[in-house]
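# Observations on the model geometry
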Amino acid sequence: MPSISSVEAVLSAAEKDSSKLLGLAFGEQRITTPGQYLPRSDAQKEPQIAFNVSSGTYIVISLDLDAPFPSLGFLGPILHWIHPGFKPSTNTTVTGETILTTSAPFVANYIGPAPPPGSSPHRYVFLLYEQPDGFDVEKYAPKNGKPVGNWQRIRYDLDAFAKEVNLGPVLAANYFCSN
């Protein structure tokens, strides 16, 4: 079973140190407090990403840590997004963070929250990594931008992907809860 203890440790650090908090905005909805509630309908499109950096290239990964039910996480985590190629833009958020943008193809297209009926809220985690030198986007991006199927997302092994592509430590993280 994939380990999520390292992700939970990163979330704890982001909750305690605002310099490690990844800026997330879904339209007008900003995730300003880790773990705040966001209705699933507000998070169906990929978020705007922001962080205080002036250069570099980054990868964003998003996971649902509580699938299918928080008390029964045997299918989790579920991969919700992998998108490389984020770079600082000249735009900033209202809090002064640099907005990160990308034109690179996704590795796994974004899917919004979709907990099963009757589930308590799930934690949707977003992690920012520095993109490793030599990361071959074309090797990992699906052909013709085809969406990634559900079976490839279930029980996602983040540690294996991180090792395979040589990801370093998480630079920033944030999460919201939704059901």
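Residues numbered from 1 in each chain as written. Predicted model: local features only at pLDDT ≥ 70, side-chain atom pairs only at ≥ 80, totals over all residues. Heavy atoms only, no water.

The protein chain is annotated in an unreviewed UniProt entry as Protease inhibitor (Tfs1) of Aspergillus viridinutans.

### Some thoughts on the overall build of the protein chain
Heads up, the rule is: Only DSSP runs of H or I with at least four residues qualify as helices, and only runs of E with at least two residues qualify as strands; both kinds are numbered from the N terminus onward. Here the globule rule is a power law, 2.2 Å times the number of residues to the power 0.38, and the radius of gyration is based on C-alpha atoms. Accessibility here uses a 1.4 Å probe with only protein chains present; expressed as a share of the type maximum, an area under 20% marks a residue as buried, one over 50% as exposed, and anything in between as partly exposed. We get accessible surface area from the Shrake-Rupley algorithm with a probe of 1.4 Å; when it comes to residues, only the shown protein chains can shield them. Only four residue types enter the charge count, namely Lys and Arg as positive and Asp and Glu as negative; His and the chain termini do not. Every charge is mapped to an atom, namely NZ of Lys, CZ of Arg, CG of Asp or CD of Glu.
When helices and strands are counted, the protein chain shows 3 helices and 9 strands. Starting at the N terminus, the α and β elements of the protein chain follow one another as α-β-β-β-β-β-β-β-β-α-α-β. Taken over the C-alpha trace, the protein chain has a radius of gyration of 15 Å; the compact-globule value for 179 residues is 16 Å, and the two agree within 12%. Taken over the C-alpha atoms alone, the protein chain extends approximately 45 × 35 × 30 Å along its principal axes. The proportion of buried residues among the 179 residues of the protein chain is 47%. Looking at the protein chain as shown, the accessible area adds up to about 9000 Å², and 52% of this sits on carbon and sulfur atoms. Computing the positive centroid from 13 side-chain charges and the negative centroid from 16, the protein chain places the two 4 Å apart.

### Here's the deal with the pattern of salt bridges
How we decide: We count a salt bridge whenever a side-chain nitrogen from Lys or Arg sits within 4 Å of a carboxyl oxygen from Asp or Glu.
Under the defined criterion, the tally for this structure stands at 2 salt bridges. Close ionic contact of E97 with R30 constitutes a salt bridge, the shortest N to O distance being 3.4 Å. A residue pair is termed long-range when its members are at least 10 positions apart, and E97 in the loop between β6 (78-92) and β7 (98-101) and R30 in strand β2 (residues 29-30) qualify at 67 residues. Its salt-bridge partner being R123, residue D66 comes within 2.8 Å of it at the nearest N-O pair. One end of the pair, D66, is in the loop between β5 (58-64) and β6; the other, R123, is in strand β8 (residues 122-130), with 57 residues separating them in the sequence. Residue D66 is classed as buried on the basis of its relative accessible area, which comes to 8%.

### Concerning the environment of L100
Selection rule: Should any heavy atoms of two residues lie within 4.5 Å, those residues are counted as being in contact.
The residue L100 is located in strand β7 in this model. Sequence separation between L100 and V53 is 47 residues; the distance between their C-alpha atoms is 8.8 Å. Contact partners of L100, with chain neighbours within four places excluded, come to I49, A50, F51, V53, F86, K87, P88 and L128.

### Some words on the sheet that holds β2
Either a parallel or an antiparallel arrangement is found when strands of a sheet pair, and the pairing is made through backbone hydrogen bonds. Basically, it comes down to this: In this description, strands pair whenever DSSP reports at least two bridges between them. Here the axes come from fitting lines to C-alpha atoms, over the contacting stretch only for helices, and the angles between their N-to-C directions go from 0 to 180 degrees.
Strand order across the open sheet formed by 9 strands is β2-β1-β4-β7-β6-β5-β8-β9-β3, with mixed pairing between neighbours. Taken across any chain shown, the strands that pair with only one partner, and hence form the sheet edges, are β2 and β3 (36-37). Direction of pairing for β5 relative to β8: antiparallel, over a ladder of 7 bridges. Bridging across to β8, I61 finds its partner in L127. Relative to β5, helix α3 (residues 158-165) is tilted by about 165°, and along the sheet it contacts β5, β6 and β8.

### Points about α3
Put simply, the test is: The directions from the helix axis to the C-beta atoms are what the arc is built from. For the purposes of these results, a polar contact is taken to be a pair of N or O atoms within 3.5 Å, where, inside protein, one atom must be able to donate a hydrogen and its partner to accept one; residues adjacent in sequence count only when each atom of the pair is a side-chain atom.
When we look at burial in α3, the residues that qualify are L158, F161, A162 and V165. All buried residues of α3 project into a common sector of 100° when viewed along the axis, lining one side. Relative to its buried face, α3 has exposed residues pointing more than 90 degrees away, namely K163 and E164. The N-cap of α3, judged by a side-chain oxygen 3.3 Å from the amide nitrogen of D159 a few residues on, is D157. Phi for N166, located one or two positions after α3, is positive at around 65°.

### As for the layout of surface pockets
The condition that has to hold: The method works on a 1 Å grid over the protein atoms by themselves. A cavity is a set of points holding a 1.4 Å probe that cannot get out, a pocket is an open set with protein on both sides within 12 Å along at least five of seven lines, and residues with an atom within 4 Å of a point line them. Grid points are joined across faces, edges and corners, and a volume is the space filled by probe spheres set on the points. When residue character is reported, Ala, Val, Leu, Ile, Met, Phe, Trp, Tyr, Cys and Pro are called nonpolar, Asp, Glu, Lys and Arg charged, and the others, Gly included, polar.
Here the largest pocket is characterised by a volume of approximately 290 Å³. Together, 14 residues line the largest pocket, and V107, A108, Y140, V148 and Q152 are the ones closest to its centre. Residue composition of the lining of the largest pocket, grouped by class: 10 nonpolar, 2 polar and 2 charged.

### Some thoughts on the nonpolar core
To keep things clear, this is the line we draw: Residues enter a nonpolar core if they are buried and are Ala, Val, Leu, Ile, Met, Phe, Trp, Tyr or Cys, with the set joined through side-chain atoms within 4.5 Å.
Membership of the largest hydrophobic core comes to 29 residues, with the highest contact counts inside it found for I61, I82 and F161. When contributions to this core are tallied by element, the ones reaching two or more residues are α1 (5-16), β5, β6, β8, α2 (137-140), α3 and β9 (170-178). Counting residues per element, this core draws most heavily on α3, which supplies 4 residues. Each residue touching F161, except ones within four places of it in the same chain, is listed here: I61, I82, F135, Y140, Y156 and L167. Residues L24, I31, W81 and L128 belong to the second largest nonpolar core, which totals 20 residues.

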